[in-house]
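Spelled out from the first residue to the last, the chains are:
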Amino acid sequence: MPGKSKTSKKLIVENKKELSRAWKFGDDIDTDAIIPGRFLTINDPKELAKHAFEGVRPDFKPVEGDVVVAGENFGCGSSREHAPLALKGAGIKFVIAKSFARIFFRNSINIGLPMLECSDVGRIADGDILEVEGGLVKNLTKNETYHTTPLPEFLEEIVDRGGLIEYARDIVAKERKAKKHK
C-alpha cells in the first residue's frame, strides 16, 4: 500500500488535454476493499463514492478525471456492482491494472467505466500524472509511455455510450427508426 498521497489536482495543459493523477493500489484488491459491505444499501454512485476505499485508504479523495492504477486481479471477490459504481461516482476516468477479475471488468464496462489492462503498471507510482489516449498511457511524471490491451470494438461502443443500458437504448432507437422508414 502506498504511503501518504499528494493532493489530487486536475491539470490542464496548453493543448487542453486532461491529465489524471494516479491512485496506486497493489494486487488482489477485492470489492470489499473498494466499497465496504456495510454501504451496500446505498445505490447512488456519488454517495457510494464517499466511502470508496474507506477501510484501506482513507486518503482516497480523487477529483473528476483521476485514475486508479492497480496490480493483478483488481476487483476480485464478490460480483457486486457497487464497487465500479463507487469508482465512477468518485469521478474515476479509467482503471488501469495488470489484470482484472472478469466479473468486475464486465460490471465496469456495463456502467461505462473503462478498464485498461497494462503489463507496465508497476512502473506507475502513486501521484504520477498520466494522460490516457487511445491504447497508450503517457506517464508525464516519468516521461514514459505504456501500451494497453485494446478493448474489443463492441465493448468500446458500450463504454462510449455510457454503459450497457444506453447502448441497448441506442440499438432499439435505431431499429425503431429503421422500421418507420421502410
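Residues numbered from 1 in each chain as written. Predicted model: local features only at pLDDT ≥ 70, side-chain atom pairs only at ≥ 80, totals over all residues. Heavy atoms only, no water.

Give a description of the pattern of salt bridges that names residues and reports values.
Across all of its chains, the model carries 14 salt bridges by this definition. With a closest N to O distance of 2.6 Å, Asp 32 and Arg 80 form a salt bridge. Within this pair, whereas Asp 32 is found in helix H1 (residues 31-34), its partner Arg 80 is found in the loop between strand E3 (67-70) and helix H3 (82-89), the two being separated by 48 residues in sequence. With a relative accessible area of 40%, Asp 32 lands in the partly exposed category. For Arg 80, a relative accessible area of 16% gives the class buried. Where Arg 161 meets Asp 170, a salt bridge forms, and the shortest distance between an N and an O atom there is 2.7 Å. When its relative accessible area of 28% is taken as the criterion, Asp 170 is described as partly exposed. When salt bridges with common partners are traced through the structure, they connect Arg 21, Arg 57, Asp 59 and Asp 126 into a single cluster. (Salt bridge = Lys/Arg side-chain N within 4 Å of Asp/Glu carboxyl O. Helix = DSSP H or I, 4+ residues; strand = E, 2+ residues; numbered from the N terminus. Buried < 20%, exposed > 50% of the residue type's maximum accessible area, 1.4 Å probe, protein only.)

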